[in-house]
Amino acid sequence: MLNRRITLSVLLIVLIVLAAYGTEYLAKNRGLHTATLITIQSNNKTAALFGVDVLRQLDAGGPGLLAVLAAAGIDRFSKVEVKGLKNNIVYPINNEINKDLNLQFTDRGTVNLCNNKANKAILVEDVNEINAVN
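Bear in mind the structure is a predicted one, so any value in this text is a computation, not a measurement.

## Considerations on the overall build of the protein chain
In terms of regular secondary structure, the protein chain is built from three helices and eight strands. Reading the secondary structure of the protein chain in the N-to-C direction produces α-β-β-α-α-β-β-β-β-β-β. The C-alpha radius of gyration computed for the protein chain amounts to 19 Å, which surpasses the reference 14 Å derived for 134 residues by more than 25%, pointing to a less compact arrangement than a globule. When its C-alpha atoms are laid out on the principal axes, the protein chain stretches across 75 × 35 × 25 Å. Sorting the 134 residues of the protein chain into buried and exposed places 33% on the buried side. For the protein chain, long-range pairs separated by at least 24 residues make up 53% of all intrachain contacts whose partners lie at least 6 apart in sequence.

## Here's the deal with the environment of Lys83
Checked against the element boundaries, Lys83 lands in strand E3 (residues 79-84). If we ignore the near neighbours within four places in the chain, the residues touching Lys83 are Asn88, Ile89, Val90, Val124, Asp126, Val127, Asn128 and Glu129.

## Some points on the environment of Val80
On the secondary structure map, Val80 appears in strand E3. Of the residues examined, Val80 reaches a relative accessible area of 0% and is grouped as buried. When the C-alpha positions of Val80 and Ala132 are compared, they lie 4.5 Å apart, and in sequence the two are 52 residues distant. In this view, Val80 contacts Leu65, Leu69, Tyr91, Pro92, Ile93, Ile97, Ile130, Asn131 and Ala132; residues no more than four positions away in its chain are not counted.

## Notes on the confidence of the model for the protein chain
Residues at a pLDDT of 70 or more form 97% of the protein chain, whose mean pLDDT is 88. The element-level mean pLDDT for the protein chain is lowest in helix H1 (residues 2-33), coming to 88, with E3 highest at 94.

Conventions and cut-offs
- Residues numbered from 1 in each chain as written.
- Predicted model: local features only at pLDDT ≥ 70, side-chain atom pairs only at ≥ 80, totals over all residues.
- Heavy atoms only, no water.
- Helix = DSSP H or I, 4+ residues; strand = E, 2+ residues; numbered from the N terminus.
- Rg over C-alpha atoms; globule rule 2.2 N^0.38 Å.
- Buried < 20%, exposed > 50% of the residue type's maximum accessible area, 1.4 Å probe, protein only.
- Contact = heavy atoms within 4.5 Å.
- pLDDT = per-residue confidence, 0-100.

Shown next as structure tokens:
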């Protein structure tokens, strides 16, 4: 009787752990496909996954691109490539990386890459990937 309880308890714990990992995996994939999670990469290797809530903690008005890269631990790069969710076109940023480039929050729970100098012109809509290349 005791062995049966132990076996059932261990099985229940394993099922709970598997359910937790499965829920995390599904939530992460859903976030990546709706641009509520942004993949921050360094040379095409994932450095961090930031949710919109994390970006709001960096700056409630919309964090700068340099601040987001610094928060991900990326400080050396020669260019940055930004992709949006809808059109998978890469927007390259070479020499114009400055404080005027920032991520603006949308009503849909995503962010757009904007240039404050050009009257908040949207450069990339619904950002889902930022890649810093050396």
